[in-house]
Amino acid sequence: MSTSSKAGVQTYKNFINGKWVPAVSGATFPVYDPSTEEVIAQVASAAAPDVDQAVAAARAAFDSGPWPATTAQDRGKILHKLADKIRQNTARLADIESRNSGKPIIEAEYDIADVATCFEYYAGLANKVMGHVNPVPANALSFTLREPVGVAAQIIPWNYPLLMAAWKLAPAIAAGCTCILKPAEQTPLTAIEIANYFEEAGLPPGVVNILNGLGETTGAALVAHPGVDKVAFTGSAAVGKIIVKSAADTLKRVTLELGGKSPNIFFPDADWEAAVDGALFGVFINQGEVCSAGSRILVEKSIYSKFVEAMTEKTKRIKLGAPLERETKMGPLVSKEQYDRVSSYLEIGKKEAKVAIGGGRPKQFGKGYYLEPTIFYDVDNSARIAREEIFGPVASVIPFDGESEAIRIANDTPYGLAAAVWTRDIYKAFRVVKSLRAGIVWVNHMQPTYVEAPWGGYKQSGFGRELGPWGLEEYLETKQVFVNLDETPIAWY
Ligand code: NDP
């Protein structure tokens, strides 16, 4: 049993070495429904002794037991079974995700479908990992072996809870690593749920451990732990910097998927309706709680006023509502903390720019962390609302004059996760694509993300890539094997 029930609120344990265990201290932390502000679960709060147990389990599973002997083909089969279980339980998982994170149920269903697809993709890739034969002189043979990097600590945020877990677990399992996943304290419930599928899918105990707790305790202890070989982190740039410093002591491999302040650039020749929709979708999907949100909307001056007006009109149609209602397009923000943070940016924005629409709490909700989709315009790129990641439904519209100014403003940011450009002019589109310093650039769209293509940032949006073969690479070491074919003694003396 993974859970026990006390006064109607479930208490969830941590999943270590194939078993559900309470925190050594017995401590738990509350988990909320952000649409009602009510506690919906209590979860075991791990600290250093729990981290020791989880690392010992992952270490033992990596170093001995059945896992190192498992073939790549077997790991693929396990991943396929996990994908099947996830698909069979889409409705249940989407319901949990939507309740826990506040995202609309329709979006949660898309997320769970993507989770299953991610496991399937890496199921297929597991037995396609190959080394090379290296062209050394004829009296020797040199080849490379690809080996799993070891025990991976995987720390994820709350905006796409199970999807972020899948992006990390699936390639790690395919590579033959063992894992300790730490979900965000706000949204642990779907990761806990899928641990129930591990045994049936054939994952040996200790291969994947789910450890819940707070970032500053559980997360920090994992990053510092000498038994961990690699840290895969998705979250804020501020925490990414802390992680790099801490991981330096043991020189762990680190990959960072951090935040962004992505430019979404509109030229006058873009398809008008698609462009306006793309601007809104790019910044408001998932309540704007998206690392690649197109939160800086750059519009050429000749269409600027008309574009802001059209965005404003269409924003009025966005249906805010309870996450589980199927017509809801925007739910509450994930937590009180995030609501307060975004609200403070709304006040900053009102001093820095003009408000086209929104700017506060929607009046129809008595409870819940709801905020209006907000468009600021006449924003200068030096404003805080243009430079700092807000991670909520807040757009900053910035005018520009010509292609080179668009590129200059777009690149004038410490971040470099994503960008998009809208134009029918193929020459202009590709000139802009080549000039943008970002890890992902969309042309005439914003946000489509496929498991087959790489994901990750330039500059302070992190390093390393997830998804596709790039995501698997990050969990592999390269061993060079040299074989001497020349029996002549070494002419050393
Ligand atoms: P945080 O950086 O605050 O937290 C991310 C994770 O790190 C959480 O699990 C958190 O735990 C943990 N953590 C916090 N402090 C530490 C620490 N000192 N040591 C180790 N772990 C720690 O980010 P948010 O959860 O607020 O997520 C939003 C951020 O994530 C945004 O900046 C967003 O852009 C980014 N993001 C990036 C993506 C990408 O692919 N590039 C995708 C999705 C989000 P806890 O929550 O328990 O405190």
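Let us look at the structure shown here. (Residues numbered from 1 in each chain as written. Predicted model: local features only at pLDDT ≥ 70, side-chain atom pairs only at ≥ 80, totals over all residues. Heavy atoms only, no water.)

This part is about a nonpolar patch on the surface. There is a patch of nonpolar side chains on the surface, built from Val-133, Leu-141 and Leu-485 and spanning about 280 Å² of accessible area. Since its relative accessible area comes to 64%, Val-133 is described here as exposed. (Patch = residues over 30% accessible without salt bridge, like charges linked within 9 Å, V, L, I, M, F, W, Y side chains within 5 Å. Areas by Shrake-Rupley, 256 points an atom, 1.4 Å probe, with all protein chains shown as cover. Salt bridge = Lys/Arg side-chain N within 4 Å of Asp/Glu carboxyl O. Buried < 20%, exposed > 50% of the residue type's maximum accessible area, 1.4 Å probe, protein only.)

Taken as a whole, this structure holds 13 aromatic pairs when the rule is applied. Between Phe-365 and Tyr-370 the ring centres are 3.7 Å apart and the planes differ by 10 degrees, which places this aromatic pair in the stacked class. Geometrically, the ring pair formed by Trp-492 and Tyr-493 is edge-to-face, given 6.4 Å between the ring centres and 80 degrees between the ring planes. Note on accessibility: Trp-492 and Tyr-493 belong to one class, exposed. (Phe/Tyr/Trp six-rings, centres within 6.5 Å; stacked < 30°, edge-to-face > 60°.)

The next subject is the nonpolar core. Phe-119, Tyr-122, Ile-297 and Phe-307 are the most contacted members of the largest nonpolar core, which has 102 residues in total. The biggest single contributor to this core is helix α5 (residues 161-175), with twelve residues. The residues contacting Phe-307, other than those within four sequence positions of it, are Phe-266, Trp-272, Ala-275, Val-276, Ala-279, Ile-297 and Val-299. By size, the runner-up hydrophobic cluster in this structure holds 30 residues, among which are Ile-265, Tyr-339, Ile-390 and Val-421. (Core = buried A, V, L, I, M, F, W, Y, C linked by side-chain atoms within 4.5 Å. Helix = DSSP H or I, 4+ residues; strand = E, 2+ residues; numbered from the N terminus. Contact = heavy atoms within 4.5 Å.)

The description of two packed helices rests on the angle between their axes and on the distance between the axes. Where helix α4 (residues 105-125) contacts α5, the two axes come as close as 9 Å, and the packing angle between them is 10 degrees. It follows that α4 is roughly parallel to α5 by the angle criterion. Between α4 and α5, the contacting residues are Asp-111, Ile-112, Asp-114, Val-115, Cys-118, Phe-119 and Tyr-122 on the first element and Leu-162, Leu-163, Ala-166, Trp-167, Leu-169, Ala-170, Pro-171 and Ala-174 on the second. Its residues assigned to classes, the contact of α4 with α5 shows 13 nonpolar, no polar and two charged. (Axes fitted to C-alpha atoms, helices over the stretch in contact; angles between N-to-C directions. Parallel < 35°, antiparallel > 145°, perpendicular 65-115°, else oblique. Nonpolar A, V, L, I, M, F, W, Y, C, P; charged D, E, K, R; others polar.)

As a further point, take the site of the ligand. Surveying the vicinity of the ligand reveals 32 residues, the closest of which are Ile-156, Glu-185, Ser-236, Leu-258 and Glu-389. The separation between a nitrogen atom of the ligand and a polar main-chain atom of Leu-258 is 2.6 Å. Glu-389 places a polar side-chain atom, nitrogen or oxygen, 2.5 Å from an oxygen atom of the ligand. Starting from 900 Å² of accessible surface for the ligand in isolation, the protein chains cover 91%. Going through the elements one at a time, α8 (215-224), β12 (230-234) and α9 (237-248) are the ones with two or more residues in the shell around the ligand. Here the element with the most residues in the shell around the ligand is α8; it accounts for four residues. (Near = heavy atom within 4 Å. Polar contact = N/O pair within 3.5 Å; in protein donor to acceptor, adjacent residues only side chain to side chain.)

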